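Coordinate analysis (summary)
If you want the building blocks of each chain, they are given just below.
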Amino acid sequence: MKKTTTRLADGRELIYYDSRDDVVREAVDRRPLDPVATASEIRHDRLLGDSVAIASHRQGRTYHPPADECPLCPSRDGRLSEIPAADYDVAVFENRFPSLAGDSGRCEVVCFTSDHDASFADLTDGHAALVLEAWTDRTAELSQLPGVEQVFCFENRGAEIGVTLGHPHGQIYAYPFTTPRTQRMLASLAAHRERTGGRNLFDDLLADERADGRRIVLDGDHWTAFVPYAAHWPYEVHLYPKRRVPDLLALDDDARTEFPQIYLEVLRRFDRIFDGRSGGDEGAREAPTPYIAAWHQAPVRAADRADFALHLEVFTIRRTPGKLKFLAGSESGMNVFINDVPPEAAAARLREVASES
């Protein structure tokens, strides 16, 4: 991997990640951009104990532009974008409309490919491995920023999720606090350790899923993908490395090599679960499945971070062709999820739509 760092016209950082060492990145951002003005503020909810980012400047962010005006495509044919180069493998840059900025953290955009019409599932194993390297490198860099407590790499895909740009991309948030979801995991981890005389909750959870077997989707040499016993979402898969590590930086070479094979297959199955060509529900043919893919890493300075287990959670809000899972009264009002799809049935469906060998 070759990494090249430069600056956009308004001073934001842009990093190219190339698979070839001989690539030269000299293109300059020629856009007449004003300096970025952000109004991000973190407010603490005294009642719930969590934090809320107030970011009014995001009201003006780019919203569903036509493909020929996509800001994540390369700059070609006289059209200037966020990526000055005429082509790229993977590119990462500071978000022009960040949810977190300054003392409130940092937000970055990760462009997985220059191909506007592709998706992550279309990448080759080698290209997906390059994205993994970019995630790892950004985790390392952002973890060193003053005030950053947790680094979160994720992808939102599909208009149903709320994505405003169709180009295949994800984001990275560097939070100035440990997120509520992770705090709950750490609390469960500590309680399990106390209750079991020192056992690790993540290790036991993975061992129990593999022993049960009914919810296993893929089981490789170094990764296991399964639908969790208490899945919140209609189709939800968690990917765990078999050797517990706290973050992306700690993955060994074997796990890095196998990850693209496992992850790409999971994403391709997600795209087939509602597709009538593969025997899906009601014989319907749907647009690509909307999903969120979220990396869970240990907080930067957590005392028990070595006990945390890096894992990737992928889920869709689509529950059947033409129908979405909405977060209505129980979910939004009380944070109690109601799942219409039994996890065992979801896992069986995801095994059924396996790629042909």
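Located above this text is the structure these notes cover.
Residues numbered from 1 in each chain as written. Predicted model: local features only at pLDDT ≥ 70, side-chain atom pairs only at ≥ 80, totals over all residues. Heavy atoms only, no water.

1. Considerations on the sheet that holds strand S11 (residues 235-241)
Across a sheet, paired strands are connected by hydrogen bonds in the backbone, their directions being either parallel or antiparallel. To keep it simple, the criterion reads: Here, strands pair whenever DSSP counts at least two bridges between them. Labels follow the DSSP assignment, with helices taken as runs of H or I lasting at least four residues and strands as runs of E lasting at least two, numbered in each case from the N terminus. Helix axes use the C-alpha atoms of the stretch in contact, all axes being lines fitted to C-alpha atoms, and the angles between their N-to-C directions lie in the range 0 to 180 degrees. Every residue pair with non-hydrogen atoms within 4.5 Å of one another is taken to be in contact.
The sheet built from eleven strands is open, its strands ordered S1-S2-S5-S6-S8-S7-S12-S13-S11-S10-S9 with antiparallel pairing. The open sheet has two edge strands, strand S1 (2-7) and strand S9 (216-219), and neither has a second partner. Recorded for the sheet is a direction-independent mean angle of 15 degrees between the axes of neighbouring strands. Here S1 runs beside strand S2 (residues 13-18); their pairing, made up of six bridges, is antiparallel. Its bridge partner being in S2, Thr6 is matched across the sheet by Leu14. On top of the sheet, helix H1 (residues 125-143) reaches S1, S2, strand S5 (90-94), strand S6 (106-111), strand S7 (150-157), strand S8 (169-175) and strand S12 (291-296); it is set at about 145 degrees to S2, its chief contact. Taken strand by strand, helix H3 (residues 201-212) contacts S9, strand S10 (223-226), S11 and strand S13 (311-316), and its axis lies near 70 degrees from that of S10.

2. With respect to the packing of aromatic side chains
This is how it is decided: Stacked, edge-to-face and tilted labels apply to pairs of Phe, Tyr and Trp rings (six-membered ring for Trp) whose centres lie within 6.5 Å, assigned for plane angles under 30 degrees, over 60, and everything in between, in that order. Accessibility here uses a 1.4 Å probe with only protein chains present; expressed as a share of the type maximum, an area under 20% marks a residue as buried, one over 50% as exposed, and anything in between as partly exposed.
Inspection of every chain in the model, using the stated rule, returns 20 aromatic pairs. Consider the rings of Phe112 and Phe120, whose centres lie 4.9 Å apart with planes at 70 degrees: the pair is edge-to-face. Assessed through its relative accessible area of 0%, Phe112 is described here as buried. Relative to Trp295, the ring of Trp135 has its centre 5.8 Å away and its plane inclined at 70 degrees; by these criteria the two rings are edge-to-face. In this pair, Trp135 sits in helix H1 while Trp295 sits in strand S12, placing the two residues 160 residues apart along the sequence. An aromatic cluster is built from Phe112, Phe120, Trp135, Trp223, Phe259, Tyr263 and Trp295, whose rings are joined through pairwise contacts.

3. With respect to the packing of helix H2 (residues 180-195) against H3
The condition that has to hold: Here roughly perpendicular refers to angles of 65 to 115 degrees, roughly parallel to angles under 35, roughly antiparallel to angles over 145, and oblique to all remaining angles. For this classification, Asp, Glu, Lys and Arg are treated as charged, while Ala, Val, Leu, Ile, Met, Phe, Trp, Tyr, Cys and Pro are nonpolar and the rest, including Gly, are polar.
The N-to-C vectors of H2 and H3 enclose an angle of 85 degrees; their axes lie 9 Å apart at closest approach. Our classification of the angle between H2 and H3 gives roughly perpendicular. Here H2 contributes Ser188, Leu189 and His192 to the contact with H3, which in turn contributes Leu201, Phe202 and Asp204. Split by residue class, the contact of H2 with H3 holds three nonpolar, two polar and one charged.

4. Overview of the packing of H1 against helix H4 (residues 253-272)
Note the threshold: Left-handed describes a crossing whose near helix is turned anticlockwise from the far helix by less than a right angle; the clockwise case is right-handed.
Contact geometry of H1 with H4 gives a least axis separation of 9 Å together with a crossing angle of 115 degrees. When the axes of H1 and H4 are compared, the pair comes out roughly perpendicular. Two packed elements cross with a definite hand, and for H1 against H4 that hand is right-handed. Here H1 contributes Asp125, Ala128, Ala129, Leu132, Glu133, Trp135 and Thr136 to the contact with H4, which in turn contributes Arg256, Phe259, Pro260, Gln261, Tyr263 and Leu264. Its residues assigned to classes, the contact of H1 with H4 shows eight nonpolar, two polar and three charged.

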